[in-house]
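Secondary and tertiary structure notes
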Amino acid sequence: MDVQKRKQKLREMFQKVVDPLGYKFSPDEEIVDFLLEQEVILEKEHGHPFCPCQGRTGEREHDMKIVCPCIPFHRTHFDAMKRCWCGLYVHKDVDDPESLIQISLTELEELQKEGKI
Ligand code: SF4
């Protein structure tokens, strides 16, 4: 498999999925290129472009929820951060992805309980 061609294909396919969800690829091209390459490698090894930043458990129901783009399964969490966990995608209005904070779901729930978000 030609890695560059597959990365381009995934980019085109994923764009169509994330656009109606209000997301776009990060303006940080270096990150995008790196993460797509990791996904191509994971796809080659496991048959699906799994998330490079979230661990697989071997349990199909769980693992299929971290096939990229996993935004629909983590919508509340990602919307609160305005980015997906890896930072491959950001909300469409984000121009500076460096300004976004990555927070765990547990931290997010605590901040929400305290009314800080
Ligand atoms: S966290 Fe981002 S890069 Fe990782 S699978 Fe989900 S959408 Fe893709």
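The notes below deal with the structure included here. Please read all numbers here as calculations on a predicted model, not as lab measurements.

1. Remarks on the overall build of the chain
When its secondary structure is counted, the chain shows five helices and two strands. Reading the chain from its N terminus to its C terminus gives the helix and strand order α-β-α-α-α-β-α. Its C-alpha radius of gyration of 14 Å places the chain within 12% of the 13 Å reference for a compact globule of 117 residues. Each principal axis of the C-alpha atoms in the chain carries an extent, and together these give about 50 × 35 × 25 Å. Out of the 117 residues belonging to the chain, those deemed buried represent 20%. Excluding contacts between residues fewer than 6 apart, the proportion of contacts in the chain whose partners are at least 24 apart in sequence is 51%.

2. Describing helix α2 (residues 29–46)
When the terminal C-alpha atoms of α2 are compared, their 25 Å separation across 18 residues agrees well with the 26 Å that a helix rising 1.5 Å per residue should span. Buried within α2 are the following residues: Leu 35, Leu 36, Glu 39 and Val 40. One side of α2 carries all its buried residues, which in axial view fall inside an arc of 150°. Seen from the open side of α2, the exposed residues pointing more than 90 degrees away from its buried face are Glu 30, Lys 44 and Glu 45.

3. Comments concerning the environment of Ile 41
Mapped onto the fold, Ile 41 is located in helix α2. Sequence-wise, Ile 41 and Lys 65 are 24 residues apart; in three dimensions their C-alpha atoms are separated by 18 Å.

4. Considering the nonpolar core
Ile 71, Cys 84, Cys 86 and Tyr 89 are the most contacted members of the largest nonpolar core, which totals 18 residues. Listing elements by their share of this core, those giving two or more residues are α1 (3–18), α2 and β2 (89–91). In terms of residue count, α2 provides more of this core than any other element does, three residues in total. Every residue in contact with Cys 86, bar those within four places of it in the chain, is listed here: Leu 35, Cys 51, Pro 52 and Cys 53.

How each quantity is defined
Residues numbered from 1 in each chain as written. Predicted model: local features only at pLDDT ≥ 70, side-chain atom pairs only at ≥ 80, totals over all residues. Helix = DSSP H or I, 4+ residues; strand = E, 2+ residues; numbered from the N terminus. Rg over C-alpha atoms; globule rule 2.2 N^0.38 Å. Buried ≥ 20, exposed ≤ 12 C-beta atoms within 10 Å, placed from the backbone. Contact = placed C-beta atoms within 7 Å. Expected span 1.5 Å × (residues − 1). Arc of directions from axis to C-beta. Core = buried A, V, L, I, M, F, W, Y, C linked by C-beta atoms within 7 Å.

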